[in-house]
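Take a look at the letters that make up each chain.
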Amino acid sequence: MRARYVAVRVLIAGAGMVLTTGAGAEQPKAATRDAQLIASAMSAAPAKVAAGATVVAMEANGTMRTVRKGTNAFTCMADNPATPGPDPMCMDKNSMDWVHALVTHQPPPPGKVGFMYMLAGGTDASNTDPYATSPGPNNHWVKTGPHIMILGADAAFYDSYPKSPDPDTSAPYVMWAGTPYQHLMAPVK
């Protein structure tokens, strides 16, 4: 939720998210792989948030597997090795609902403001097209460092921030301005 772009990764299953707890036969390296996934996912948020977050992983078949059950309201995902840079993320339930709407091409749920951490940064993504998969002459590709996102706020909230297609990513700006999926990108250092 790439952050917003990772949204596609988060719920690549298309019609919705399927969480499984995966209790079946595991290969000997599964514990090592899960430890790596947890460490990567936890790098997305502050230590206190990450320590209590549920950690999920995308499986090859498009389902989401719960790697570790959490004790707070956040869900973290590890870096996607298929993207060009780091993109672990940690989000609240409203953000998960927003991401589900994005992936299924539905309007985001009204009245549900979400909060997402991407403290390891985000890989390149279009600043204007939520569904762009590669750079193009009109989709204004941007690279972001460590940031947080505010998702699902009223349209008027975003009017206080720059909406340039080619933003200064070192200051807060609106990504995907004018679409139902516009959201605030706020850098943190």
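Residues numbered from 1 in each chain as written. Predicted model: local features only at pLDDT ≥ 70, side-chain atom pairs only at ≥ 80, totals over all residues. Heavy atoms only, no water.

1. So, empty space enclosed by the protein
Space inside the largest cavity adds up to approximately 30 Å³. Looking at the largest cavity, the residues that line it are Thr144, Gly145, Pro146, His147, Thr169, Tyr173, Met185, Ala186 and Pro187. Examining the composition of the lining of the largest cavity, we find that three residues originate from one element, strand β11 (residues 183–187), more than from any other. Its residues assigned to classes, the lining of the largest cavity shows five nonpolar, four polar and no charged. (1 Å grid on protein atoms, 1.4 Å probe; cavity = no way out; pocket = protein on both sides within 12 Å on 5 of 7 lines; lining within 4 Å. Points joined across faces, edges and corners; volume = space filled by probe spheres on them. Helix = DSSP H or I, 4+ residues; strand = E, 2+ residues; numbered from the N terminus. Nonpolar A, V, L, I, M, F, W, Y, C, P; charged D, E, K, R; others polar.)

2. Considerations on the packing of aromatic side chains
Describing an aromatic ring pair means giving the distance of the ring centres and the angle of the ring planes. This model, assessed by the stated rule, comprises seven aromatic pairs. Between Phe74 and Tyr117 the ring centres are 5.8 Å apart and the planes differ by 45°, which places this aromatic pair in the tilted class. Of this pair, Phe74 sits in strand β4 (residues 74–77) while Tyr117 sits in strand β6 (residues 114–118), and the two are 43 residues apart along the sequence. Across this residue pair, the class does not change: Phe74 and Tyr117 are buried. (Phe/Tyr/Trp six-rings, centres within 6.5 Å; stacked < 30°, edge-to-face > 60°. Buried < 20%, exposed > 50% of the residue type's maximum accessible area, 1.4 Å probe, protein only.)

3. A word on the nonpolar core
Formed by 20 residues in total, the largest nonpolar core has its most connected members in Trp98 and Met116. At the level of secondary structure, the elements contributing two or more residues to this core comprise β5 (89–92), α4 (93–103), β6, β9 (147–151) and β10 (173–175). Per-element accounting of this core gives the leading share, five residues, to α4. Formed by 18 residues, the second largest nonpolar core is a distinct cluster that contains Val49, Ala50, Val55 and Ala78. (Core = buried A, V, L, I, M, F, W, Y, C linked by side-chain atoms within 4.5 Å.)

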